[in-house]
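# Overview (structure and organization)
Here is how the chains run, residue by residue.
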Amino acid sequence: KNADNHNTDLEQYIESYQFLKEKNITSVSELKESMVTLRDKNYKTTRAIKNTEKQIDDKTQLIDHAEKYLKHKDTYKAYTKLKKNKQDTFYNEHTAEIILFESAKKYLKEHLRESKTLNISKWKSEVTALKKEKDSLYSQIIDIRKEVEQAESVRNCIDKLQQENRGLT
């Protein structure tokens, strides 16, 4: 049983050594520094992901409202051109379209400000680009977290070594 323990210890030490060599880390303080850097990178990347997700969300909303606006524009135009006495009947027949058009118009007015053009295809390609960016950030996060785990296990390994060999620096 003891020999088994010794083997897993040895494996951990070898892995730790390889990690330190790969990262060119030569002291415990350097290891701690690299862990701080990794955590910082993790935090920044997580924020970048949240930011990208918000941009995707905003653009998707814009596309959605622009499409509704265009879809119901003619119905709304027809409605506004009617004489007052005919408007009620028309409104009752097309309530949903008119409400959707009005809310889309309001949304676009608030979010487009000076720009009056509905660049739906441009927005769609922006969303595609943002989604690619988000995927790339996600894979970075996975790598960073893996490295944090490795660094932490190396740290534990060193602590263990130092406890076993009090005299060893």
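Right above here is the structure, for reference.
The notes below deal with the structure included here. Bear in mind the structure is a predicted one, so any value in this text is a computation, not a measurement.

### With respect to the overall build of the protein chain
- Within the protein chain one finds 5 helices and 0 strands.
- For the protein chain, the sequential pattern of α-helices and β-strands runs α-α-α-α-α.
- If you line up the protein chain on its principal axes, its C-alpha atoms span 100 × 35 × 20 Å.
- Looking at the protein chain as a whole, 26% of its 169 residues qualify as buried.
- Taking as baseline every contact in the protein chain between residues at least 6 positions apart, the subset at least 24 positions apart corresponds to 80%.
- When the accessible area of the protein chain is evaluated, it comes to approximately 12,600 Å², of which 51% is carbon and sulfur surface.

### What to know about the side chain of N42
- Relative to the helices and strands, N42 resides in helix α2 (residues 28-81).
- Given the relative accessible area of 19%, N42 is considered buried.
- A distance of 3.3 Å separates polar atoms of two side chains, one belonging to N42 and the other to R145.
- Apart from residues lying up to four places away in sequence, N42 is in contact with I141, I144 and R145.

### Comments concerning the side chain of T45
- Relative to the helices and strands, T45 resides in helix α2.
- The contact partners of T45, leaving out residues within four places of it in the chain, are L137, Q140, I141 and I144.

### Some remarks on the nonpolar core
- Judged by nonpolar contacts, the single largest core of 18 residues is most densely connected at L62, L108 and W123.
- For this core, the secondary-structure elements that each account for two or more residues are α2, α4 (95-112) and α5 (120-164).
- Among the elements that take part in this core, α2 stands out by supplying 7 residues, more than any other.
- Apart from the residues lying within four places of it in its own chain, the contact partners of L62 are Y107, L108, H111, L112 and W123.
- L20, I25, A151 and V154 belong to the second largest nonpolar core, which has 11 residues in total.

### A closer look at unusual backbone geometry
- The backbone phi angle of N24 is positive, close to 60°, even though this residue is not glycine.
- Accessibility expressed as a relative area gives 62% for N24, which makes it exposed.

### Points about the packing of α2 against α4
- The geometry of α2 relative to α4 is characterised by a closest axis approach of 7 Å and an angle of 130° between their N-to-C directions. In terms of their interaxial angle, α2 and α4 are classed as oblique. Of the two elements, α2 crosses α4, and the hand of that crossing is left-handed. In contact with D58, Q61, L62, H65, A66, K68, Y69, H72, K73, T75, Y76 and Y79 of α2, α4 contributes E97, I98, L100, F101, E102, S103, A104, K105, Y107, L108, H111 and L112.
- Looking at the contact of α2 with α4, its residues break down into 12 nonpolar, 6 polar and 6 charged.

### A few points about α2
- Compared with an ideal rise of 1.5 Å per residue, which puts 54 residues at 80 Å, α2 spans 78 Å between its outermost C-alpha atoms and is within 8% of the ideal.
- Approximately 50° is the largest bend angle found in α2, and it occurs at K73.

### Observations concerning the packing of aromatic side chains
- Overall, the coordinates contain 5 aromatic pairs when judged by the stated rule.
- Ring geometry for Y69 versus F101: centroids 4.9 Å apart, planes at 25°, classification stacked. Highlighted residues: Y69 in helix α2 and F101 in helix α4, separated in sequence by 32 residues.
- Classification of Y69 as buried rests on a relative accessible area of 18%.
- On the basis of relative accessible area, F101 is assigned to the buried category, the value being 3%.
- Chaining the aromatic ring pairs together yields one cluster made of Y69, Y76, Y79, F90, Y91 and F101.

Calculation criteria
- Residues numbered from 1 in each chain as written.
- Predicted model: local features only at pLDDT ≥ 70, side-chain atom pairs only at ≥ 80, totals over all residues.
- Heavy atoms only, no water.
- Helix = DSSP H or I, 4+ residues; strand = E, 2+ residues; numbered from the N terminus.
- Buried < 20%, exposed > 50% of the residue type's maximum accessible area, 1.4 Å probe, protein only.
- Contact = heavy atoms within 4.5 Å.
- Areas by Shrake-Rupley, 256 points an atom, 1.4 Å probe, with all protein chains shown as cover.
- Polar contact = N/O pair within 3.5 Å; in protein donor to acceptor, adjacent residues only side chain to side chain.
- Core = buried A, V, L, I, M, F, W, Y, C linked by side-chain atoms within 4.5 Å.
- Axes fitted to C-alpha atoms, helices over the stretch in contact; angles between N-to-C directions.
- Parallel < 35°, antiparallel > 145°, perpendicular 65-115°, else oblique.
- Left-handed = near helix turned anticlockwise from the far one by under 90°.
- Nonpolar A, V, L, I, M, F, W, Y, C, P; charged D, E, K, R; others polar.
- Expected span 1.5 Å × (residues − 1).
- Bend = angle between axes of the 7 residues up to and from the residue.
- Phe/Tyr/Trp six-rings, centres within 6.5 Å; stacked < 30°, edge-to-face > 60°.

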